[in-house]
Each structure stands twice: as C-alpha cells, then as structure tokens.
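Coordinate analysis (summary)
Residues per chain are reported as follows:
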There are 4 protein chains.
Amino acid sequence: MSSKYKDLKQECYEANMQLNALGLVVYTFGNVSAVDRENSVFAIKPSGVPYEDLKADDIVIVDFDNNIIEGELRPSSDTKTHAYLYKNWPEIGGITHTHSTYAVAWAQSQLDIPIFGTTHADHLTADIPCAPPMADELIEGNYEHNTGIQILDCFKNKNLSYQEVEMVLLGNHGPFAWGKNAAKSVYNSKVLEVVAEMAYLTRQINPNAPRLKDSLIKKHYERKHGKNSYYGQ
Amino acid sequence: MSSKYKDLKQECYEANMQLNALGLVVYTFGNVSAVDRENSVFAIKPSGVPYEDLKADDIVIVDFDNNIIEGELRPSSDTKTHAYLYKNWPEIGGITHTHSTYAVAWAQSQLDIPIFGTTHADHLTADIPCAPPMADELIEGNYEHNTGIQILDCFKNKNLSYQEVEMVLLGNHGPFAWGKNAAKSVYNSKVLEVVAEMAYLTRQINPNAPRLKDSLIKKHYERKHGKNSYYGQ
Amino acid sequence: MSSKYKDLKQECYEANMQLNALGLVVYTFGNVSAVDRENSVFAIKPSGVPYEDLKADDIVIVDFDNNIIEGELRPSSDTKTHAYLYKNWPEIGGITHTHSTYAVAWAQSQLDIPIFGTTHADHLTADIPCAPPMADELIEGNYEHNTGIQILDCFKNKNLSYQEVEMVLLGNHGPFAWGKNAAKSVYNSKVLEVVAEMAYLTRQINPNAPRLKDSLIKKHYERKHGKNSYYGQ
Amino acid sequence: MSSKYKDLKQECYEANMQLNALGLVVYTFGNVSAVDRENSVFAIKPSGVPYEDLKADDIVIVDFDNNIIEGELRPSSDTKTHAYLYKNWPEIGGITHTHSTYAVAWAQSQLDIPIFGTTHADHLTADIPCAPPMADELIEGNYEHNTGIQILDCFKNKNLSYQEVEMVLLGNHGPFAWGKNAAKSVYNSKVLEVVAEMAYLTRQINPNAPRLKDSLIKKHYERKHGKNSYYGQ
C-alpha cells in the first residue's frame, strides 16, 4: 500500500480535518486539495465522506485533466473546478471550498464584500469579489469545469491577481480560497469567513459605513506582504 | 428484558442523542422517531426526559393508532403527529421535530424559506414550506393528530412531494423533518437549520436578494439525487 | 465545619455552576439563590467570585432582612433584591439573575418580549414583561431593595401572577427568573434567553410578525401545566 | 536561560493564552503585554506566532523606546503602540489588542458604543470611544507609534480619563484595552466585546433605544468602583 503520494495525501488529509475543526463545514459541505507540481497531480477529498470517517488513505490523486491516478473512492464532485484552477494558476499549492455561513450569505446576496477595516487589509487590498452566477448553458454543460472558467473570468473582468487576492465568492453558491499550500488555503477560508461576518455586522450598524481609506489599505497590506513587511518572524 | 424492538430502540436512541450533539435542542425541546414498517410500529423518545438521562431502554414503542406497544414511560407529546405522518407517508423511515433557533424564527414569521443558494438546492428544489397555523377548532380538538393533517394539507396545497421535500415549518411552532431513517431525519433537521440561518443573513444583507435561478436549482439537485447523480460514493 | 445549611449550600452551588455551563454568564455577571422556607433564609453566591474558583462552602446564608446568618464572604450585591422577592412571593424556591446577551438586549430596548410562538407558550401565556427603569430617587436610595419593589410593581400594573410568569426583564439592566427551586430558576433563565433570541430573529425577518393566536397559547401552555397537562412523566 | 524577567514573561504568556481561550482571537490576530515599571520594560507576544505554538520563553522584553532587551523573536508589530501607551499612561500595567468581532464591527462603523445598560455602566460611565482613522501622513509615517498618539488625542478631545475608561476602538481597525495588569486588560477586552454585542442587538431591536439614565450610570459604576463600592470581596 506504499504510495509515492503518501505525503501529499497526508497534507491534504490534515487540511481537510482542520477545515472541520475550524467550524467551516458541517457534514460533507466542503473540500480541500493539495497539489504536487512536479508530477502535475493533486490530492483531494473523496466525495460525500463524513469528516469523522475520513482517513488519509481515502484521499484521491487526480491529474489536471481529471483522471484518477490513485485511490479507490470517487473524488469530490468539485474536482474539475480544482483541476482548472491548478492548470491555469501555476503559483497556487492548495485550494479550499466551503459553504461557511457568512461567506455564503454574501454569495447569495450577489455582492462583493467591501473592504471595511484592517482585518481585511491585512490579507488583501481589494473587495472580496463575488463572481456572478453562470449563464444557463454553462450550468447545463460541464458545470464544475465551467465554474473554474467563471472564477478566472471574474478575476480578468475585475483586473485582479490571483496571487494577491486568494479568495472568491461564487454567486448563489459559496467561497473558494487558495494559497501556497493546502493549509494556507484553509487559513484563507477562515479569514474570509471572519471578514464576511465583520462586514455583515458593520453594514447592519452603519449602512453608510465608508470603505477603508487607501493609505490604511496600503499600510496594513504592506506590513504583512512584500519586501518591506515586518509582520511575523 | 429482551425485546424484539431492541435494534429499533437503539436506532431511535442514537438519533435522539445526535440531535443533542448537533446543537439542535436545549433541554427536552425535540424528539426523533424511527419506524418498523414490517410491524407497523415506531420507536419514539419518551416525553420530557432530558437527553443526559436518556437510555435506549427508555424509548417507547407505539403503533400507528397511538397505542403503546412497549415501554414504561409516556411517549413524546408529539407522538400523534409522528403516527399520522408514518401512516400516510409510506416511504419515510424516521421523523425529527426540534425547536432549532433559525427554523423557529422563520416559522414565527409565517414565511417559507426562499431558495437562495446551492446549499439549499443540494437538498431540495422548492422553498421550504411554512404551514399556516391551524384553525382554532383544530387546535382545540385532537391537536397533535391535526398537526399531521395540517402538514399534509400544506403539501397538497403547494403541490409538493414528501419524498422530494423532506422538511416543513409549522407556523408559529417549529420544524419537522423526515427521511429514509431516523439518522437521515436528523440530518435534514440540521440542513434546515443551516439553510434557515443562511437565508436569514442573506435577506439582512440584501432584502432584494433574488431566488436561485432554475438552471442552478436543477443542476445542484441532480448532482446529489436521481439516476445521473454523481455526488458521494 | 458542619452546617445545618450544607444541603442548601450544595443546591445553590450546583445551580450557580449550571448557570456557567449553560453559557448564561461570563466572569461573575450572574447569581443564583435557593431558599429554605422553614428557616426563612436563603443561600446565595458570594459577590465577585469567579465560577472557576467557587466552592460550595463559599455560599453565604442570608435571612429575609439581609442579615448574614452563615458564611465568611460578602453575599452577592443583588442580595436585597432576592430577599425582597422571597419575602413577598411565598411560593418561590429559587431565583436567578444573569446578564445573558439577548435578554439584556431586550431590556436595553425597554420592550416586552412578544409571544411569537409555541416555545414561548410552552412556558408562559404572556409577553415577557420589561419593568421600566426606576425613578431617580429609588435608584439613589436603597437600590437593590427598590429593584425588588420595581419588579412587584410591574407585575401589579400588568396584572401578572408570579406563579405563572416566572421571569422578568429589568429595563436597561437584565433578566431575573425564579421557580420552585434554584435549578428551575436556572432553567427559566435559559428558556428566557432562548425565547429572547427567537423573538429577536423573528422581528428581523418580519417586522410585522403577528402575536401567537390565543388558541395556540392556551393549548401549548395547558399541554405542560395544569390539571389536564400531558407533557412529561 | 534564567532571566530576571521570568515572572513578567509568564504573566504575559498566561494573559495571551487567556485571550485565545476566551474566543477573542483567531490565529495570531491579537496580542497582550505586561509592564515592569521598576525596570521600564514590558513583555509582549512575538509577532505572528500561533497561540498553540506559543511558549513563555518566546515572550519578548522591550523598553519604552522599542529596544529589544531580551528575546530571540521579533516582538508584535503593534509594539510601538504599547510602548507609547506605557510611556504616557503611568498607571497602567497591561495592554491587550484584539480583532474581536463585534468590537471591530463598531470600529468599522466609526461609531462610539452608546452606554445602553448596566453591564456597560458596571465598567465605565462613558460611551466607549471610537478614535477616528488617522490622517494619511501619520499612517504613512511611524504608523504604530502614531496609533498611540491617536488614542491619546481621542481621550484628550473627549475629555476622558484612561484610568476610568480602560478601552478604546480605533476606527476601521479594532479595540485596545488596558488595566492594572495584563489579566485585567484581557478582562476589559472581553467586557468590551460583550458590551459591543449587546449594543449591536439593542439597536437592531430598537433603533431609538435611549442612553442609560445618569442616575443608573452613577449607581452601577459606584457599586463596583470608588470608596463606597460594595461589589466583590
């Protein structure tokens, strides 16, 4: 049962379990994948398996054309979306999809999450984009593949970089987040949920709450990112 | 103390304890039943027993005419509603009733829960129906039996199938959910509560949030249900 | 160290710890007392002692004129309110005061909590009353004693029975609840918090949500209370 | 590895861990410091270290001019704000900064938190002040140092005493709280979050909820503070 993908499966397994521990999923409403760029494959949660039953050995290895390379179980039903993102965004190492509550509420509202404060600006300088629901023919076609296209179209239309904005809402569906590895994509999913709740409460308190001023956006983002960052070790 | 219904009681007991673990009940505000179609009886939680004290042996066996077949304790005060649903809906195997917070809030608002997103569409294609409060004479009569009639009338009036829509709100009261077995009815109760919270937040963010488009409803429901489903193992 | 009030202290201690376990208090923001009618004394939490440090021996015994009968520590700063209620309401056995979140929010809004559903009607048939803030001279005088007077005045003005309505909000302050013993007063405090949250959400969803109809109020209350009740064992 | 600051580090470490246990932070979104007035230094959390990995030995010792006196790790990115407050406010012994949810929502709304009830008045007699966002040149300059100036300016403009009002919101950022020691500053951070949630809910229920009347503010504050206080032991 030895596998050249043992470490990749383990990374993917741990990130999926972290998703559960952080309260971002109930039942099977989410999935995390981790990529192996050298072999052009990724590890992903099997479809519909409850977290309490999940084992590292259950993780499925898939290539970027959605062929199952290793694994007994059917991979996540969202696998084609992951594959499309890995294929088109060479710098990402992990992807997380959830139905976390506040992120879904914004997605169902079909609204970008405005940048209201420094918690948001510590992680990205733009509003968190909400991709519009797909056209009917794309939904009826290769749906999960087209979901990937929809995300890339959204980033192109809004002139966003996937390396700076590591999260997106799919209108009427929910969030996807990514990062340099699977754990970082889970982290970004949690940040998104926290920021989504803060933005929700802010608008309830003050429907006219102003967007964060540019100088604060710049300051906080640069504290954590880029060559002059001074946050962390 | 051996009983031909030992396994049925155990199934019912475990589902009731799951209800508690999922945060869907406080104190004794809920009950789960499990049916044995072969013997035309069901197992149900005894009335007013706290979950921390509940034992599998406490579970009561009742027939579809509300006669106690086995058990020392009085069955749930909602027993007649369960009996009516089992008698009239031959395909269900378990029923759950709770007073979970967001589902009750919608029930108290006397509003159906609109289908706003794919979390909802993954489980049903209709708005979650809210049955109107009963007429006074039905309340003053055989109340819990009439509650069952009220649910069936609601499904008839809205032209819904109990096999596709496995949950309902009772106006000013709270939710009932059902499924192929007791565990599935608890699952549906949790899904209802999650969807109720998401719909609540969505309307707070965007009072004009649109209903999910038909193509997405169809796509997500069919991913999980029917002959071409491809979710799960 | 033996005490004739050992059992009373233990009852009071356990009820206070339950308050903490139910999430109704942070830090020292609450207190429970238990009465001994035979000896006309009650046991109450000492003032300002964190729950994690509380021991049954710390509980203070006080008479209805606020004299300390037994105990090394200063009793709760709200002791005089408890004493006044025990003195004037001979049928109650325990009292709980908290600053639980949703109950406080209604108290700060100076509004009664409308009876919107059966969760509420299972416990009382009236709106949960909110006593108005006291006149300045009563606040500046014997404040905690006058708080008791304010509660009784509220019940007199609204023509309520303390045996049927076992809870009240103090305007701009928070809830008091009582019952046949200390544990039941904690139970009523939790019910109040749950009902307060449900009513909050209901009004957010539907600002015109109607009050529960009289026939349902009567039915649900009488299921649980009175000579024809059929809830519980 | 013995250090003259061993106890100070331990105090700081325990207060930081408490912050995490109280649900006031996710990941590394917060920091606590503890001062040693005799040596004019303070202990502070290292930057970007997750709470699950934090050890007492990781705590960094810094003087009031931001020089690192002891420690292998880089101190919190907010260190200069802590230093400025310690230097200018001689009576404080600990400082806590968080991004707790409701406090951030008010900060993002750029609104003071109105004093609506006695939970608030038990701790301070003023609205919880929200300092406006800084001018661009202060943000672009010595940002964390200027944050300290911004807090002191806010207190001067509103004529507040830092010894009576032990908390502040930074507009579009989040809360700072302080107290006689590190543990008390964490306590005040939790009180702020609780009061922020209560005030949020109050305004949702009743947008015209009145400010607490002066006699109640005075009474509750003086129960807990000053020479005639009678709360606690």
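A short tour of the structure in this document, coming up. (Residues numbered from 1 in each chain as written. Chains lettered and ligands numbered in written order. Predicted model: local features only at pLDDT ≥ 70, side-chain atom pairs only at ≥ 80, totals over all residues. Heavy atoms only, no water.)

**With respect to the relation of the copies chain C and chain D**
Rules: Copies overlap after least-squares fitting; the atoms used are the C-alpha atoms of residues with pLDDT of at least 70 in both. Residue contacts follow a heavy-atom distance rule, with two residues in contact if any of their heavy atoms lie within 4.5 Å.
Expressed as a screw operation, the relation of chain C to chain D combines 0.0 Å of axial shift with a rotation of 90°, fitting to an RMSD of 0.0 Å. Taken together, the turn and the small shift mark the pair as related by a four-fold rotation axis. Considering only C-alpha atoms, the residue of chain C closest to the rotation axis is Gln204 of chain C, which sits at 5.6 Å. Residue by residue, only 6% of the interface of chain C is reproduced at the interface of chain D, so the copies engage with different surfaces.

**Description of the sheet that holds strand 2 (residues 41-44) of chain B**
Residue and element names in this part refer to chain B. For clarity, the cut-off: Each pair of strands is called paired provided DSSP finds at least two bridges between the two strands. Helix numbers and strand numbers start at the N terminus; a helix is a DSSP run of H or I with at least 4 residues, a strand a run of E with at least 2.
Pairing is mixed in the open sheet, where 8 strands are placed in the order 4-3-2-1-5-8-7-6. At either margin of the open sheet sits one strand with a lone partner, and together these are strand 4 (68-70) and strand 6 (130-131). Two strands pair when backbone bridges link them, and strand 1 (residues 30-36) and strand 2 are joined in this way by 4 bridges, in the antiparallel orientation. Paired with Ser33 across the two strands is Ile44, which belongs to strand 2.

**Some remarks on the sheet that holds strand 7 (residues 167-170) of chain C**
Residue and element names in this part refer to chain C. For clarity, the cut-off: Between N-to-C directions, angles cover 0 to 180 degrees, with each direction set by a line fitted to C-alpha atoms, over the stretch in contact for helices.
The sheet built from 8 strands is open, its strands ordered 4-3-2-1-5-8-7-6 with mixed pairing. Strands at the two margins of the open sheet, each flanked by one partner only, are strand 4 (68-70) and strand 6 (130-131). Where strand 3 (residues 60-63) meets strand 4, 2 bridges bridge the pair, whose relative direction is antiparallel. For Ile61, the partnering residue across the bridge sits in strand 4 and is Glu70. On top of the sheet, helix 3 (residues 101-109) reaches strand 6, strand 7 and strand 8 (175-179); it is set at about 55° to strand 7, its chief contact. The sheet contacts of helix 6 (residues 143-157) involve strand 6, strand 7 and strand 8, and relative to strand 7 the element is tilted by about 120°.

**As for the relation of the copies chain D and chain A**
Overlaying chain D on chain A yields an RMSD of 0.0 Å, the required transformation being a rotation through 90° with an accompanying axial translation of 0.0 Å. Comparing contact sets, just 6% of the residues at the interface of chain D also lie at the interface in chain A, consistent with a heterologous contact between different surfaces.

**A short note on the pattern of salt bridges**
Note on pairing: side chains with opposite charge can pair once their charged atoms come close. Heads up, the rule is: Salt bridges are counted wherever a side-chain nitrogen of Lys or Arg sits within 4 Å of a carboxyl oxygen of Asp or Glu.
As enumerated under the stated definition, the model contains 40 salt bridges over all chains in all. The shortest N-O distance in the salt bridge between Lys158 of chain D and Asp112 of chain D comes to 2.8 Å. One end of the pair, Lys158 of chain D, is in the loop between helix 6 (143-157) and strand 7 (167-170); the other, Asp112 of chain D, is in the loop between helix 3 (101-109) and helix 4 (118-121), and 46 residues separate them in sequence. Salt bridges linked by common partners bring Asp78 and Glu144 of chain A together with Arg223 of chain B together as one network.

**Digging into the packing of helix 7 (residues 182-205) of chain A against helix 7 (residues 182-205) of chain D**
Rules: Throughout, the term roughly parallel applies to angles under 35 degrees, roughly antiparallel to angles over 145, roughly perpendicular to angles from 65 to 115, and oblique to all others. Helix crossings are classified by the rotation of the near helix relative to the far one: an anticlockwise turn of less than a right angle makes the crossing left-handed, while a clockwise turn makes it right-handed. Three classes are used: nonpolar for Ala, Val, Leu, Ile, Met, Phe, Trp, Tyr, Cys and Pro, charged for Asp, Glu, Lys and Arg, and polar for all others, with Gly counted as polar.
Packing of helix 7 of chain A against helix 7 of chain D leaves a shortest axis separation of 10 Å and a crossing angle of 45°. In terms of axis orientation, helix 7 of chain A runs oblique to helix 7 of chain D. For the crossing formed where helix 7 of chain A meets helix 7 of chain D, the hand is left-handed. Together, Tyr200, Leu201, Gln204 and Ile205 of chain A of helix 7 of chain A and Tyr200, Arg203 and Gln204 of chain D of helix 7 of chain D make up the contact between the two elements. Considering only residue class, the contact of helix 7 of chain A with helix 7 of chain D consists of 4 nonpolar, 2 polar and 1 charged.

**Some points on the packing of aromatic side chains**
Each aromatic ring pair is characterised by the separation of its centres together with the angle its planes make. To keep it simple, the criterion reads: Centres within 6.5 Å are what make two rings of Phe, Tyr or Trp a pair, Trp counting through its six-membered ring; a difference in plane orientation under 30 degrees is then read as stacked, over 60 as edge-to-face, and the rest as tilted. For the exposure calls, accessible area comes from a 1.4 Å probe over protein chains only, and a residue counts as buried if that area is under 20% of its type's maximum, exposed if over 50%, partly exposed in between.
Taken as a whole and judged by the stated rule, the model has 40 aromatic pairs over all chains. Between Trp89 of chain C and Trp178 of chain C, the aromatic rings sit 4.7 Å apart at their centres with planes inclined by 55°, giving tilted as the arrangement. You can see Trp89 of chain C sitting in the loop between helix 2 (79-88) and strand 5 (94-98) and its partner Trp178 of chain C sitting in strand 8, a full 89 residues away along the chain. Just as Trp89 of chain C is buried, Trp178 of chain C falls in that class too. When the centroid spacing of 5.4 Å and the interplanar angle of 55° are considered together, the rings of Trp89 of chain D and Phe155 of chain D count as tilted.

**Comments concerning the environment of Gln110 of chain C**
As for its position among the elements, Gln110 of chain C is in the loop between helix 3 and helix 4 (118-121). On the accessibility criterion, Gln110 of chain C (35% relative accessible area) is partly exposed. Spatially, the C-alpha atom of Gln110 of chain C lies 6.7 Å from that of Asn172 of chain C, the residues being 62 residues apart in sequence. Setting aside chain neighbours within four positions, we find Gln110 of chain C in contact with Cys130, Pro133 and Asn172 of chain C together with Pro210 of chain D.

**With respect to the interface of chain C and chain D**
What counts here: Note on terms: buried area is the combined drop in 1.4 Å-probe accessible area of two parts once they are placed together, counting the loss on both.
Every contact between the two is made by 36 residues of chain C and, on the other side, 36 residues of chain D. Summing the contributions of chain C and of chain D, the shared interface buries around 3100 Å²; its carbon and sulfur component is 55%. Counting across the interface, chain C meets chain D through 3 salt bridges. The partner of Asp136 of chain C in a salt bridge is Lys213 of chain D, with the nearest N and O atoms 3.2 Å apart. For the side of chain C that touches chain D, the secondary-structure elements that each account for two or more residues are helix 3, helix 5 (136-140), helix 6 and helix 7 (182-205) of chain C. Here the side of chain C that touches chain D gets 7 residues from one element, more than from any other, and that element is helix 3 of chain C. Residues that form the side of chain C that touches chain D fall into these classes: 17 nonpolar, 13 polar and 6 charged.

**A look at the interface of chain D and chain A**
How big an interface is tends to be expressed through the accessible area that disappears when the partners come together. Quick reminder of the rule: Distance and chemistry together define a polar contact, namely a pair of N or O atoms within 3.5 Å, with one atom able to donate a hydrogen and the other to accept it when in protein, and with adjacent residues in sequence counting only for side-chain atoms on both sides.
Each partner contributes residues to the interface: chain D has 36 residues there, and chain A has 36 residues. Summed over both partners, the interface of chain D with chain A comes to about 3100 Å²; 54% of that surface belongs to carbon and sulfur atoms. Taken as a group, Tyr27, Arg74 and Gln108 of chain D account for 20% of the area that chain D buries against chain A, more than any other trio of residues on that side. Our enumeration of links across chain D and chain A arrives at 3 salt bridges. When the shortest N-O distance is used, the salt bridge between Arg223 of chain A and Glu144 of chain D registers 2.6 Å. Our enumeration of links across chain D and chain A arrives at 21 residue pairs in polar contact (both at pLDDT 80 or more). Elements with a minimum of two residues in the side of chain D that touches chain A: helix 3, helix 5 (136-140), helix 6 and helix 7 of chain D. A class-by-class count of the residues in the side of chain D that touches chain A yields 17 nonpolar, 13 polar and 6 charged.

**Some details on helix 1 (residues 6-21) of chain B**
All names here are of chain B. Applicable threshold: For a helix, the expected span equals 1.5 Å multiplied by the number of residues minus one. By construction, the arc corresponds to the directions joining the helix axis to the C-beta atoms.
Here helix 1 contains 16 residues, and its C-alpha end-to-end distance of 22 Å stays within 8% of the 22 Å for a straight helix at 1.5 Å per residue. Those residues of helix 1 that sit buried are Leu8, Lys9, Cys12, Tyr13, Ala15, Asn16 and Leu19. End-on view of helix 1: buried residues confined to an arc of 165°, all on one side of the axis. Opposite the buried face of helix 1, by more than 90 degrees, sit the exposed residues Lys6, Asp7 and Ala21. In this fold, the buried residues of helix 1 make contact with strand 1, strand 2, strand 3 (60-63), strand 4, strand 5 (94-98) and helix 7 (182-205).

**Quick notes on helix 7 of chain B**
Residue and element names in this part refer to chain B. With 24 residues, helix 7 ought to run about 34 Å at 1.5 Å a step, and its terminal C-alpha atoms sit 35 Å apart, in line with that. In terms of burial, helix 7 is largely enclosed, as 21 of its 24 residues are buried. The backbone nitrogen of Ala183 has a side-chain oxygen 3.3 Å away, supplied by the residue at the start of helix 7, namely Asn181.

**Remarks on the environment of Thr101 of chain C**
Along the chain, Thr101 of chain C falls in helix 3. In sequence terms Thr101 of chain C and Gly23 of chain C are 78 residues apart; their C-alpha atoms lie 9.8 Å from each other. Other than its neighbours up to four places away in sequence, Thr101 of chain C contacts Glu193 of chain C together with Glu197, Met198 and Leu201 of chain D.

**With respect to the packing of helix 3 of chain C against helix 7 of chain C**
Residues and elements named next belong to chain C. Direction vectors running N to C along helix 3 and helix 7 enclose 60°, while the axes themselves pass 7 Å from each other. The orientation of helix 3 with respect to helix 7, classified from their angle, is oblique. You can see that helix 3 and helix 7 cross each other, and the crossing is left-handed. The residues of helix 7 that touch helix 3, namely those facing Thr101, Tyr102, Ala103 and Trp106, are Leu192, Glu193, Ala196, Glu197, Ala199, Tyr200 and Arg203. For the contact of helix 3 with helix 7, a count of residues per class yields 7 nonpolar, 1 polar and 3 charged.

**Re the state of the cysteines**
Keep this limit in mind: In plain terms, two cysteine sulfur atoms within 2.5 Å form what is called a disulfide here.
Applying the stated criterion to the full structure yields 0 disulfides over all chains. In this structure Cys154 of chain A is not part of a disulfide, and its nearest cysteine sulfur, from Cys130 of chain A, lies 7.6 Å away.

**As for the side chain of His123 of chain C**
Take His123 of chain C: it is sitting in the loop between helix 4 and strand 6. Setting aside residues no more than four positions away along its own chain, His123 of chain C makes contact with Phe29 of chain B together with Glu164, Tyr187, Val191, Tyr221, Lys224 and His225 of chain C.

The analysis is restricted to geometry; functional conclusions fall outside its scope.
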